[in-house]
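If you want the building blocks of each chain, they are given just below.
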Amino acid sequence: MDERIPAYLQQRLLEYYGQEMAGRIEQGYRAERPVTLRVNTLTGTREEVCSVLQQAGIAWEPVSWYGDALILPDVSESEIAMLPVYQEGKVYLQNLSAMIPPLVMMPKAQEAILDMAAAPGGKTTQMAALSGGKAQITACERDARRAERLRYNLKLQRASALVMQKDARDLDDLFRFDKILLDAPCTGSGTIELRENVPGRRMTPEWVQKTVRTQKALIAKAIRLLKKGGELVYSTCSILPEENEEVVEYAMKGGSVELVPIDDTQMNQLPQLPVRIPGTLLICPDTHYEGFYISKLRKIR
Ligand code: SAM
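Given the structure is predicted, the values throughout are model-derived calculations rather than measurements.

(A) Geometry of the layout of surface pockets. The calculated volume of the second largest pocket comes to roughly 170 Å³. Taken together, Leu103, Val104, Val260, Pro261, Ile262, Asp263, Gln266, Met267 and Lys296 make up the lining of the second largest pocket. Tallied by class, residues from the lining of the second largest pocket come to six nonpolar, one polar and two charged.

And the structure:
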């Protein structure tokens, strides 16, 4: 089993972040993160979930910036999957970093929202919950099997969304949305796990470039589908600037969107990496967080 960082990624990390920070990232890749979950407020309450955990003898810790999130330091995901609160869709297992884009978007009742790359639906169900089940969500997913998983999760979590199984680049340009989440397909360079028995990852320049081309096409489409004044949250689980800041710069070059700086004052404990665009967030892989990038844009014309 290869427990080294793929050579091409290592080279990019050193180039972008320098020796010391690349070392910190590598430590994050080697960390074994605790299970974290989000209470699904459409079907359950935090009190109910905490009481079930207590009865099952499962310890939990709060997350300072999000009341619906819990850290479970001593259990495995499969142990949680056996609990009725899991089987009834009252909780969703989700990394802490992945909970941030819907919070940055903050969907509200009646808003027309597009989740452009939605499966398996962690963020779609979270957006539904944040709006009290009242946002009008369209969830697009290209892959048929993943779209099935998305439908399953939506049903289990009692989150209402219209699922469109298609390539988001082919969505009809006549659609208009108040808010769009583009949680883009990416290389996953923020989520690498360098541990025994975890399969190694491939990472080639060609694949990174192909991924970036798709991200740029998707963000251009997202901008076309936004109402004027509407907001786009662009996120990836990559820590490579070409998939993050470069895509946002590409989007802003057209002059039809402006950056909306993310207010992270409530999230001051987040492990962050430096960003080229102030007001966007880059989370460093660490003992609790997967590497993640989040940015927000507004359509101005
Ligand atoms: N937002 C999801 C969540 O929180 O559960 C995770 C999304 S994952 C990062 C990216 C998804 O985009 C994958 O399910 C992939 O199949 C899908 N995808 C890739 N290219 C796409 C495209 N052109 N149009 C729509 N979906 C696409």
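Moving on from the coordinates now.
(B) Molecular detail of the pairing of strand E5 (residues 112-115). Because side chains alternate across E5, one face comprises the buried residues Ala112 and Leu114, and the other comprises Ile113 and Asp115, equally buried. Of the pairings in the sheet, the one linking E5 to strand E6 (residues 136-141) comprises four bridges and is parallel in character. Within E6, the residue paired with Ile113 across the bridge is Ile137. Handedness of the crossover joining E5 and E6 through helix H6 (residues 122-130) is recorded here as right-handed. Relative to strand E8 (residues 177-183), E5 runs parallel, the two sharing three bridges. Pairing of Leu114 across the sheet is with Ile180, part of E8.

(C) Looking closely at the environment of Glu47. Position of Glu47 among the secondary structure elements: in helix H2 (residues 46-55). A C-alpha to C-alpha distance of 36 Å links Glu47 and Arg298, two positions 251 residues apart in sequence.

(D) Fine view of the site of the ligand. The immediate surroundings of the ligand are formed by 20 residues, with Lys123, Glu141, Arg146, Asp167 and Asp183 found nearest. Contacts to the ligand include Glu141, whose side-chain N or O atom sits 2.6 Å from an oxygen atom. In isolation the ligand exposes 600 Å². Once the protein is present, 88% of that is buried. Counted by class, the shell around the ligand contains nine nonpolar, two polar and nine charged residues.

(E) Molecular detail of the environment of Val85. Take Val85: it is sitting in helix H4 (residues 84-87). Among the residues examined, Val85 registers a relative accessible area of 6% and is labelled buried. Separated by 30 residues in the primary sequence, Val85 and Asp115 place their C-alpha atoms 26 Å from one another.

(F) Structural detail: the sheet that holds strand E3 (residues 66-72). Overall, antiparallel pairing links the four strands, which are arranged E2-E3-E1-E4 in an open sheet. Unpaired on one side and paired on the other, strand E2 (61-63) and strand E4 (91-93) mark the two borders of the sheet. If you compare each strand with its neighbour and ignore which way they point, the axes differ by 35° on average. Those strands touched by H2 are strand E1 (35-39), E2, E3 and E4, and its axis lies near 15° from that of E3.

(G) Just the confidence of the model for the protein chain, in detail. Averaged over all residues, the pLDDT of the protein chain is 97; the fraction at 70 or higher stands at 99%. Mean pLDDT across the elements of the protein chain ranges from a minimum in H4, with 96, to a maximum in E8, with 99.

(H) Just helix H1 (residues 7-30), in detail. End to end, H1 covers just 16 Å across 24 residues, shorter than the expected 34 Å (1.5 Å per residue, more than 12% under). Taken together, the buried positions of H1 are occupied by Tyr8, Leu9, Arg12, Leu13, Tyr17, Ala22, Ile25, Gly28 and Tyr29. Turning to H1, the residues buried within the fold contact helix H8 (205-225) and strand E11 (281-283).

Criteria and thresholds
- Residues numbered from 1 in each chain as written.
- Predicted model: local features only at pLDDT ≥ 70, side-chain atom pairs only at ≥ 80, totals over all residues.
- Heavy atoms only, no water.
- 1 Å grid on protein atoms, 1.4 Å probe; cavity = no way out; pocket = protein on both sides within 12 Å on 5 of 7 lines; lining within 4 Å.
- Points joined across faces, edges and corners; volume = space filled by probe spheres on them.
- Nonpolar A, V, L, I, M, F, W, Y, C, P; charged D, E, K, R; others polar.
- Buried < 20%, exposed > 50% of the residue type's maximum accessible area, 1.4 Å probe, protein only.
- Helix = DSSP H or I, 4+ residues; strand = E, 2+ residues; numbered from the N terminus.
- Pairing = 2+ DSSP bridges.
- Right-handed = clockwise from strand over helix to strand, strands pointing away.
- Near = heavy atom within 4 Å.
- Polar contact = N/O pair within 3.5 Å; in protein donor to acceptor, adjacent residues only side chain to side chain.
- Areas by Shrake-Rupley, 256 points an atom, 1.4 Å probe, with all protein chains shown as cover.
- Axes fitted to C-alpha atoms, helices over the stretch in contact; angles between N-to-C directions.
- Contact = heavy atoms within 4.5 Å.
- pLDDT = per-residue confidence, 0-100.
- Expected span 1.5 Å × (residues − 1).

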